[in-house]
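# Working through the structure, step by step
Here are the chains, one letter per residue:
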Amino acid sequence: MSELLIEARGLGKAYPKVHRSGDRLRALGRLLFRGEDGDRISVLRDVDLEVRRGESLGLIGANGAGKSTLLKLITGVLTPSSGSVRVRGKVGALLELGAGFHPEYSGRDNIAMAAALHGLDGAELRRRLPEIIAFADIGDYIDEPVKHYSSGMVVRLGFAVIASLKPDLLVTDEVLAVGDESFQKKCVRWMQDYLDGGGTLILVSHSMYHVQKLCRHACWLRDGEVAMTGDVFDVTQAYLAWHERKSAPQETSPNPDRRNVEFSVLDMSLDGQTGEQPVLLGQGEPLEVRCRIRSREDRMPSVAIGVTRADGTPVYGVSTDMDGHHPQRLAAGEYACRLVFDALPLLPGSYTVRVHPLDPEGVRVFDTMERTLTVRGATREFGLVRLAHRWDTLPGEARHE
Amino acid sequence: MNAMSSTTLTLRFLQREFRERFTGSLSGSAWALLQPLLQLGVYSFVFVHVFKARIPGADAPGYVPFLVTALWPWTAFSEAVLRSTTVIQNNAALIGKVALPREVLVFASVCTSFAVHVAGFVAILLVLRVGNAGIALGGLPLALMSYVPLFALALGISLACAAVQVFVRDLAQLLVQLLPLMMFGAPVFYDRALLPPAVQPWLSLNPFTFYADAFRVTLLHHGSVAWSSVAIAVAVAALVLVAGIGVFRRLDAHFEDFL
């Protein structure tokens, strides 16, 4: 078992009820002379949490469930009202948009302050400053006051500082979603590298996609209490199911535009699973992709199937017309095809499988349907796929042994 | 957080404080010297030319050096307390989001006030010396040493006030009223010897009385300070500092709940 970085026991937080100005004075008196205070509203109760080095924990829950409060307790911004939390190692927190940044000061000054707040001294800062500025990549804005920044730039700056700190524990929430596509990719890539390098992550997110992509464990908070902890897929599925039950009557109708285009995807399945839930697959296991295509004029479509990494990096794509294969005609205007990978060589990670119907010439894309695929496994290989390989000795070099 | 990074953090906050005070105002850093100079000009006009104030005794200095030696330290002290009282409240956004040793904020604020006004003090003493106003510059090291307990006193009061201000927002307004009372209750504008003998001992209850006397003894050789009162002043400053730290530590954990 690796080192315990966070250990919370019976952690709770309650805020004092302060309605009238007299309450503040009374609270002050109680705190000063008796060391306790009175009426409280509890926002977090009895949270037990353990995070070990190298773990990645997703914190999920509805608004007001106490996620931010828990993070603030972990980062030491808040003091627990009950129980205890112990944190070892250097914590890098990126909690709210521009937290800790002073709007009147330039990006450069704010980097200096943020670095000092995270315990970097002047010499260390000078050494890392070029790296931080390069990562933030906001050009000449670095010398402008932060109040003139777009929210994306603020996030870039904040993330650049945290990234340079190489913290033992990274605590972050969805601020990353504010960045543009390229910056998000950069962040996700950085986080994956960070996790691969043994970093520990706590991520608060409403995007199950992000949580599943980056975290192996999850903790679901409901009304200030831990509803469930465990494997990320179990917890997120339970959480989504709870949400679905809450908003049951809302049935999403298929996009009306879909019915009018020449070719559209009726459905697709990965290993026979059709739901929105990601499909789990062990490394090197077979994968079967099935899809049904509707053809308005009953012309035979061409079908392209592609796999991308969750951050959008293409891995592989192939279409029926490339291989000279023809989809099966099931009924009038309905075609199907089935693509089998006997041993999918993808490395562990989260991927997206996309199905696109094309015109028979294989030129125009008409529709897209996608499913998430998660490949699980324990390997330290780099990249996206395992390339067939073997290690060998150099011919004629054996005498050096 | 280790001591080293705390130092870096303190330096950064000091840097920020200085810039906040001087880059926002029109005359920049000159304001630090200008404002007490103007104040001094007004006071010396009122007291020397309107009230014709006199300092008793044959070897008594002129009124301007007499005023300078006590008014400047007072300005450092009162400004430190006034500004630091709201420093936690003003940094609520930072405190709510980043874990940091909050006393650093108060410390940086008090340091800035003292740095500005001690520098101004030395500058004006030199100006007065050039103008031949009977300043004994040999007493300067001792005078500067008197700033140490004064700083401790200001820091202790500031820590307590900054913490209490989080809970009771009227404190800052109250201080604006109370600090002038403390000033007039100490021999800043007048000499203690001018008061009726029955009143004189009561002035010693005011912590600033010692400093007004001490600065005049060291720099003007005016009046006298007993060694016992030095000991008492240092003890009081130390006690106030310890009490201030105590109050601050006690309330520190609850700032977020009330900010």
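About the criteria used
Residues numbered from 1 in each chain as written. Chains lettered and ligands numbered in written order. Predicted model: local features only at pLDDT ≥ 70, side-chain atom pairs only at ≥ 80, totals over all residues. Heavy atoms only, no water. Helix = DSSP H or I, 4+ residues; strand = E, 2+ residues; numbered from the N terminus. Buried < 20%, exposed > 50% of the residue type's maximum accessible area, 1.4 Å probe, protein only. Contact = heavy atoms within 4.5 Å. Areas by Shrake-Rupley, 256 points an atom, 1.4 Å probe, with all protein chains shown as cover. Lys, Arg positive; Asp, Glu negative; His and termini not counted. Charge placed at Lys NZ, Arg CZ, Asp CG, Glu CD. Pairing = 2+ DSSP bridges. Axes fitted to C-alpha atoms, helices over the stretch in contact; angles between N-to-C directions. Domains from an automatic or database assignment. Buried area = accessible area lost by both parts, 1.4 Å probe. Salt bridge = Lys/Arg side-chain N within 4 Å of Asp/Glu carboxyl O. Nonpolar A, V, L, I, M, F, W, Y, C, P; charged D, E, K, R; others polar. Disulfide = S-S within 2.5 Å.

Right, let's get into the overall build of chain A. The secondary structure content of chain A amounts to 10 helices and 18 strands. Principal-axis analysis of the C-alpha atoms places the extent of chain A at approximately 85 × 75 × 45 Å. For chain A, with 401 residues in total, the buried portion stands at 46%. A fraction of 72% describes how many contacts in chain A between residues 6 or more apart in sequence connect residues 24 or more apart. With an accessible surface of roughly 20,400 Å², chain A has 50% of that area assigned to carbon and sulfur atoms. Side chains of chain A carry 50 positive and 55 negative charges; the gap between the two charge centres is 5 Å.

Before going further, it helps to examine the sheet that holds strand β3 (residues 56-60) of chain A. Residue and element names in this part refer to chain A. Spatial ordering of the open sheet is given by β5-β6-β7-β3-β8-β9, a layout of 6 strands whose pairing is mixed. The open sheet has two edge strands, β5 (91-94) and β9 (225-231), and neither has a second partner. Put simply, the sheet's adjacent strands are angled 15° from each other on average, direction ignored. Here helix α5 (residues 151-165) sits on the sheet in contact with β5 and β6 (169-172), set at roughly 170° to β5. Across the sheet, helix α6 (residues 181-196) touches β3, β6 and β7 (200-204), and the angle it forms with β6 is around 150°.

Turning our attention to the domain arrangement of chain A. Residues and elements named next belong to chain A. The domain boundaries assigned to chain A delineate domain 1 (55-81 + 90-246) and domain 2 (256-376). Contact residues are listed per partner, giving 10 residues for domain 1 and 9 residues for domain 2. Between domain 1 and domain 2 lies a buried interface of about 900 Å² when both sides are counted; carbon and sulfur atoms form 51% of it. Here Asp231 ties to Arg376 by a salt bridge, and the two come within 3.2 Å at their closest N and O atoms. Here the side of domain 1 that touches domain 2 is built from residues that sort into 3 nonpolar, 3 polar and 4 charged.

A separate point is the state of the cysteines. Evaluation of the coordinates by the stated rule reveals 0 disulfides over all chains. A disulfide-free cysteine, Cys337 of chain A has its sulfur positioned 3.5 Å from the sulfur of Cys291 of chain A, the nearest such atom. For the unlinked cysteine Cys111 of chain B, the closest cysteine sulfur is that of Cys161 of chain B, found at 17 Å. Judged by relative accessible area, which is 15%, Cys111 of chain B ranks as buried.

A few words now on the pattern of salt bridges. Residue and element names in this part refer to chain A. Enumeration according to the criterion identifies 27 salt bridges over all chains in this entry. Of the charged contacts in the structure, one is a salt bridge between Glu288 and Arg338, with a shortest N-O distance of 2.3 Å. Pair noted here: Glu288 is in strand β12 (residues 287-295) and Arg338 is in strand β16 (residues 334-341), with a separation of 50 residues, a long-range link.

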